[in-house]
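Read off the chains here:
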2 protein chains.
Amino acid sequence: MQKQAEYSEAIKTKYPEQVVIAIARDKIGKANPVTLGWTMIVSGSPSMMAIAVASRHYSVETIRHSRCFTISFPSSDMADAALFFGSKSGRDVDKFAEFDCATEPAKAIDSVLLCDAAANFECTLESETIAGDHIIFVGKVVAAHTNTEAKKRLYTVGPGHKMGSAS
Amino acid sequence: MQKQAEYSEAIKTKYPEQVVIAIARDKIGKANPVTLGWTMIVSGSPSMMAIAVASRHYSVETIRHSRCFTISFPSSDMADAALFFGSKSGRDVDKFAEFDCATEPAKAIDSVLLCDAAANFECTLESETIAGDHIIFVGKVVAAHTNTEAKKRLYTVGPGHKMGSAS
């Protein structure tokens, strides 16, 4: 049976929620990762994925500048990296310089991949749409990569950025 | 370590993927539910959620007609309903007439809620954007509901529409 509730209460049923790390270079060439829970696949053919990024976040500038970005599925043992990349601003710090997280160059776009992720998707910017306090960026997947080892994906499993695997 | 892969292979790391059932009335007033895995929250203030619906699906017509829709988080014991609503077209059948699934009227929009869902969100249509072979519909949440019992959300846990809970 349903009872009407505040949105903030009802949305607590969303967990586990998938985590991605989106990466784009800024105008000085610095690769800037940001951790996002608001993401979905949006098209099968061609393959496209979307992310929602807070309008005021530095990542918006980096994606608009690069017009391409990586969507990385961090593995379940990358919770610390995800928390770090999600809690700092690329306006203030070089996140990859401050947190030890192995990267390698992307193949089809000017960005980087996360070596230890479960998968990485290289995307070219297809469109952007304002939605409230966020921007929806849609990317067309132009290259994909998986980990040579079997890796589980990272999820937010409960309120307060509690992270882990989900199965 | 990463290895380049086909998108179809790399995207298999996405599981578990959340499931929602979106519901909108068509022009004759029939409430039409569709099961979707491609969905995300897109705005915090105001609260907004997005769904990606295949362009050719009947649900596109129903959402454009109603300009509002319910996003329901089915509970983990609603796999059969989710499979049914995801495998039939509202062009051909009245899904709620053919599959026994309790509904009740929405409060703020002209749609219905799923009584046994973990949560229901009533949305007014905010925008639509074409993305490849799908349409992204953004809805502003105007009312929310939770289940009076603690319910786990339904997920697709593996290829072939394998469904269950995730924790």
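If you're wondering where the values come from, they're calculated on a predicted model, not measured in any experiment. (Residues numbered from 1 in each chain as written. Chains lettered and ligands numbered in written order. Predicted model: local features only at pLDDT ≥ 70, side-chain atom pairs only at ≥ 80, totals over all residues. Heavy atoms only, no water.)

A. Fine view of the sheet that holds strand E12 (residues 155–158) of chain A. Strand order in the open sheet formed by 3 strands is E2-E12-E13 (chain A), with antiparallel pairing between adjacent strands. Looking along the sheet, the strands with just one partner apiece sit at the ends: strand E2 (17–18) and strand E13 (162–164) of chain A. (Pairing = 2+ DSSP bridges. Helix = DSSP H or I, 4+ residues; strand = E, 2+ residues; numbered from the N terminus.)

B. Region of the structure containing the interface of chain A and chain B. Residue-level contacts link 62 residues of chain A with 62 residues of chain B. Between chain A and chain B, a total of about 4900 Å² is buried, with carbon and sulfur atoms accounting for 59% of that surface. Among the residues of chain A in contact with chain B, A:Gln2, A:Tyr7 and A:Ile41 are the three that bury the most area, contributing 16% of the side total. Taken together, chain A and chain B are joined by 33 residue pairs in polar contact (both at pLDDT 80 or more). When contributions to the side of chain A that touches chain B are tallied by element, the ones reaching two or more residues are strand E1 (2–5), helix H1 (7–10), E2, strand E5 (39–43), strand E6 (48–54), strand E10 (119–131) and strand E11 (134–147) of chain A. For the side of chain A that touches chain B, the element with the highest residue contribution is E11(A), accounting for 9 residues. Looking at the side of chain A that touches chain B residue by residue, the class counts come to 32 nonpolar, 20 polar and 10 charged. Strand direction decides the pairing type here: E1(A) and strand E11 (residues 134–147) of chain B, joined by 4 bridges, are antiparallel. For A:Gln2, the partnering residue across the bridge sits in E11(B) and is B:Asn147. (Contact = heavy atoms within 4.5 Å. Buried area = accessible area lost by both parts, 1.4 Å probe. Polar contact = N/O pair within 3.5 Å; in protein donor to acceptor, adjacent residues only side chain to side chain. Nonpolar A, V, L, I, M, F, W, Y, C, P; charged D, E, K, R; others polar.)

C. How the structure looks around the environment of A:Ile23. Residues and elements named next belong to chain A. Looking at where Ile 23 falls in the secondary structure, it is placed in strand E3 (residues 20–25). As for Ile 23 and Thr 124, which are separated by 101 residues in sequence, their C-alpha atoms are 12 Å apart. In contact with Ile 23, other than residues within four places in its own chain, are Ala 31, Asn 32, Pro 33, Phe 69, Thr 70, Phe 96, Ser 111, Val 112 and Leu 114.

D. Here's a closer look at the relation of the copies chain A and chain B. The two copies are related by a screw motion: chain A maps onto chain B through a turn of 180° and a shift of 0.0 Å along the axis, at an RMSD of 0.0 Å. What the superposition gives is, in effect, a two-fold axis relating one chain to the other. Residue by residue, 100% of the interface of chain A is reproduced at the interface of chain B, so both copies engage with the same surface. (Least-squares fit on C-alpha atoms with pLDDT ≥ 70 in both.)

E. Structural view of the nonpolar core. Ranked by internal contacts, the top residues of the largest apolar core, which has 70 residues, are A:Ile51, A:Phe121, B:Ile51 and B:Phe121. In this view, B:Phe121 contacts A:Tyr7, A:Ala10, A:Ile11, B:Met49, B:Phe69, B:Thr70, B:Ile71, B:Phe73, B:Val141, B:Ala143 and B:Ala144; residues no more than four positions away in its chain are not counted. Core analysis: the second largest hydrophobic core is formed by 17 residues, B:Ile21, B:Ala31, B:Ala79 and B:Leu114 among them. (Core = buried A, V, L, I, M, F, W, Y, C linked by side-chain atoms within 4.5 Å. Buried < 20%, exposed > 50% of the residue type's maximum accessible area, 1.4 Å probe, protein only.)

F. Seen up close, the pairing of E10(A). All names here are of chain A. Here 6 bridges tie strand E7 (residues 68–73) to E10, and the two strands are oriented antiparallel to one another. Considered in E10, the bridge of Phe 73 is made with Ala 119. Relative to E11, E10 runs antiparallel, the two being bridged by 12 bridges. Opposite Ala 131, over in E11, you have His 134 as the bridge partner. Hairpin connection between E10 and E11: a loop of 2 residues separates the two successive antiparallel strands, and Gly 132 in this loop has a positive phi of roughly 60°.

G. Structural view of the packing of aromatic side chains. All chains considered together, the criterion is met by 12 aromatic pairs over all chains. Geometrically, the ring pair formed by A:Tyr7 and B:Phe121 is edge-to-face, given 5.7 Å between the ring centres and 65° between the ring planes. Pair noted here: A:Tyr7 is in helix H1 and B:Phe121 is in strand E10 (residues 119–131), and the two residues belong to different chains. Classification of A:Tyr7 as buried rests on a relative accessible area of 17%. Residue classification places B:Phe121 among the buried positions, given a relative accessible area of 0%. The aromatic ring of B:Phe73 is capped on one face by B:Arg153, whose charged end is 3.6 Å from the ring centroid. If you follow B:Arg153 out to its NZ or CZ, it ends over the ring of B:Tyr155, 5.9 Å from the centre. (Phe/Tyr/Trp six-rings, centres within 6.5 Å; stacked < 30°, edge-to-face > 60°. Lys NZ or Arg CZ within 6 Å of the ring centre and 35° of its normal.)

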